Amino acid sequence: MVTEATRKPARGPRMDPINLLPYLPQAKWSPGPGDQGWHAMLCQVRKESQKCTRRKSLLKVRVMDFVTSTAILPLLFGCVGIFGVFKLLQWIRMKAYLRNAVVVVTGATSGLGRECARVFYSAGAKLVLCGRNREALEELTKELASLATKVQTHKPYMVTFDLADPGAIAAATAEILQCFGHVDVLINNAGISYRGAIVDTTTDVDKKVMETNYFGPVALTKALLPSMIKRRQGHIVAISSVQGKISIPFRSAYAASKHATQAFFDCLRAEMEQYEIEVTVISPGYIHTNLSLNAVTADGSTYGVMDKTTAQGRSPAEVARDVLAAVGKKKKDVILADLLPSLAIYLRTLAPGLFFRLMASRARKERKSKNS
């Protein structure tokens, strides 16, 4: 029988040696019988910890010495200097490339085309403004003349024609070439949007959208190409859309026209490389313009509604500056969109099943909102 006198005093739970490390320097602890091995292990752990701390401190000192040494600082400053010189030369080359260049802008009467006219005019380009509305072109010309610029500017020319009229392309091309004798940069910007369900859309509406967004720019490009090939100089720009890379519900005619545009100008880029002619395809996301207001519907009528996504889109002036930079840097393919549309493009390629489910869900929500 165990009595109070013979009962051994209870010991508290033993702590893990690692947990005791913070307390070792201050602890006044003497080992009892049988604890010498445990005490030796704690001392060894503490010594290893101190060695590790010293090694880290020594490593930090050596890194700082390396960074601040006479060898690394000149290298760092040299890299920064080279990068700065590269950006400066790139900026100078862009300015020289666009200054006095003959730039043709279609769809210049409003939206992105109007802002492209402003930024290219301010860069010193010689403009040929194209559109259907003569009065709007004259108003734009007067507005450009009032701009304060840092470079020498040139009075723009105006060519009025309907890009959707195949018979007007040849005469318009001849008039464009008469303005300055040649064309350096052609910006195919004119276009029309569409809203509607496929089952309700007449084929005439599909043809109308394709005529404006695809066949018109293709015909104008083909008409101007021989003069560019003869000079072995030129730059073709196609303003496409993110929907030229992915399709969203109730935009079938528009997305199809932009997919065709992307494919055509990708082929053109490869074929024109031997003539040193540049081809740039620019794919913007939503832009705050009247594109949705002027869109055609399934029966050919005007949509007349400012979509929420369009109203929240980027300003056309901001996108025009990006277009100017892309042309000046001779970029091949440019996406000017926010994070989600850009991710959707990669999702379509990397996870098509998920992309299709998301588009189907979007179609259901949009259909439900229209029926409610």
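Coordinates for the structure precede this section.
All figures in this text were calculated on a predicted structure; none of them were measured in a lab. (Residues numbered from 1 in each chain as written. Predicted model: local features only at pLDDT ≥ 70, side-chain atom pairs only at ≥ 80, totals over all residues. Heavy atoms only, no water.)

Colleague: Could you give an account of the overall build of the protein, naming the residues involved and the relevant values?
Modeller: Summing up its helical and strand segments, the protein has twelve helices and seven strands in all. Out of the 372 residues belonging to the protein, those deemed buried represent 40%. Within the protein, counting contacts between residues at least 6 apart in sequence, those at least 24 apart form 72% of the total. (Helix = DSSP H or I, 4+ residues; strand = E, 2+ residues; numbered from the N terminus. Buried < 20%, exposed > 50% of the residue type's maximum accessible area, 1.4 Å probe, protein only. Contact = heavy atoms within 4.5 Å.)

Colleague: Could you give an account of empty space enclosed by the protein, with specific residues and numbers?
Modeller: Counted according to the given criterion, the structure contains one cavity of 30 Å³ or more. Residue lining of the largest cavity: Asn188, Ala190, Asn213, Pro217, Ala238, Ile239, Lys258, Thr261 and Phe265, and that is the complete set. Residue assignment for the lining of the largest cavity shows that the elements contributing at least two residues are helix 7 (203–231), strand 5 (234–239) and helix 8 (252–272). The biggest single contributor to the lining of the largest cavity is helix 8, with three residues. (1 Å grid on protein atoms, 1.4 Å probe; cavity = no way out; pocket = protein on both sides within 12 Å on 5 of 7 lines; lining within 4 Å. Points joined across faces, edges and corners; volume = space filled by probe spheres on them.)

Colleague: Talk me through the side chain of Thr212; I want residue IDs and the actual numbers.
Modeller: With respect to the element layout, Thr212 can be found in helix 7. Here Thr212 is in contact with Leu163, Ala164, Ala190, Gly191, Ile192 and Pro217, once residues within four sequence places are set aside.

Colleague: So what's going on with the pairing of strand 2 (residues 126–131)? Residues and values would help.
Modeller: The element strand 2 is largely enclosed, with a buried count of five among its six residues. In this structure, strand 1 (residues 102–105) lies alongside strand 2, joined through four bridges in parallel fashion. Its bridge partner being in strand 2, Val104 is matched across the sheet by Val128. Following the backbone out of strand 1, through helix 4 (residues 111–122) and into the adjacent parallel strand 2, one traces a crossover that is right-handed. Pairing of strand 2 with strand 3 (residues 157–160), which is carried by four bridges, proceeds in the parallel orientation. Pairing of Gly131 across the sheet is with Thr160, part of strand 3. Crossover connection from strand 2 via helix 5 (residues 134–145) to parallel strand 3: handedness right-handed. (Pairing = 2+ DSSP bridges. Right-handed = clockwise from strand over helix to strand, strands pointing away.)

Colleague: Any details on the sheet that holds strand 4 (residues 185–188)? Residues and values, ideally.
Modeller: Reading across from one edge, 3-2-1-4-5-6-7 is the order of the seven strands in this open sheet, with parallel pairing throughout. Looking along the sheet, the strands with just one partner apiece sit at the ends: strand 3 and strand 7 (333–336). When the angles between neighbouring strand axes are averaged without regard to direction, this sheet yields 15 degrees. In this sheet, strand 4 lies alongside strand 1 in parallel orientation, the contact comprising three bridges. The residue bridging Val103 from the neighbouring strand is Val185, located in strand 4. Strand contacts of helix 6 (residues 166–180): strand 1, strand 2 and strand 3, with the helix running at about 175 degrees to strand 3, the strand carrying the most contacts. Contacting strand 4, strand 5, strand 6 (277–284) and strand 7, helix 8 crosses the sheet at an angle of about 155 degrees to strand 6. (Axes fitted to C-alpha atoms, helices over the stretch in contact; angles between N-to-C directions.)

Colleague: Which residues make up the environment of Ser241, and what are the values?
Modeller: Mapped onto the secondary structure, Ser241 falls in the loop between strand 5 and helix 8. Sequence-wise, Ser241 and Tyr254 are 13 residues apart; in three dimensions their C-alpha atoms are separated by 9.4 Å.

Colleague: Please give an account of the nonpolar core that cites residues and values.
Modeller: The biggest cluster of nonpolar side chains holds 33 residues, and the ones touching the most others in it are Val103, Phe120, Leu127, Leu129, Ile187, Ile282 and Val323. Of all elements in the fold, only strand 1, helix 4, strand 2, helix 5, strand 4, strand 5, helix 10 (316–328) and strand 7 reach the threshold of two or more residues within this core. Apart from the residues lying within four places of it in its own chain, the contact partners of Val103 are Phe120, Ala125, Lys126, Leu127, Val128, Val185 and Ile187. Listed in part, the 31 residues of the second largest apolar core include Val128, Leu163, Leu186 and Val279. (Core = buried A, V, L, I, M, F, W, Y, C linked by side-chain atoms within 4.5 Å.)

Colleague: Explain the environment of Lys230 to me, using residue names and the numbers behind them.
Modeller: For Lys230, the location among the structural elements is in helix 7. Here Lys230 falls in the exposed class, since its relative accessible area comes to 75%. When the C-alpha atoms of Lys230 and Tyr275 are compared, they prove to be 8.7 Å apart, with 45 residues separating the residues in sequence.

Colleague: How would you sum up unusual backbone geometry? Please name residues and give values.
Modeller: In this structure, Arg232 is a non-glycine residue whose phi angle is positive, near 55 degrees. By the secondary structure assignment, Arg232 is in the loop between helix 7 and strand 5. Given a relative accessible area of 40%, Arg232 falls into the partly exposed group. For Phe250, which is not glycine, the phi torsion reads 65 degrees and is therefore positive. Within the secondary structure, Phe250 is located in the loop between strand 5 and helix 8.

Colleague: Lay out helix 4 with the relevant residues and their values.
Modeller: For helix 4, with twelve residues, the first-to-last C-alpha span of 17 Å sits near the 16 Å given by 1.5 Å per residue. Within helix 4, nine of the twelve residues are buried, which leaves it mostly tucked inside the rest of the structure. For helix 4, the full list of buried residues reads Leu112, Gly113, Arg114, Glu115, Cys116, Ala117, Val119, Phe120 and Tyr121. Immediately beyond the C-terminal end of helix 4, within one or two residues, lies Gly124, with a positive phi of roughly 95 degrees. (Expected span 1.5 Å × (residues − 1).)

Colleague: Explain helix 12 (residues 352–371) residue by residue, including any values.
Modeller: The end-to-end C-alpha distance of helix 12, which contains 20 residues, comes to 29 Å, matching closely the 28 Å that a straight helix rising 1.5 Å per residue would cover. For helix 12, the complete set of buried residues consists of Phe355, Met359, Ala363 and Glu366. Buried residues in helix 12, looked at end-on, bunch into an arc of 80 degrees, giving them a common side. For helix 12, exposure combined with an orientation more than 90 degrees from the buried face picks out Arg357, Arg364, Lys365, Lys368 and Asn371. Where the residues of helix 12 are buried, they touch helix 11 (339–350). (Arc of directions from axis to C-beta.)

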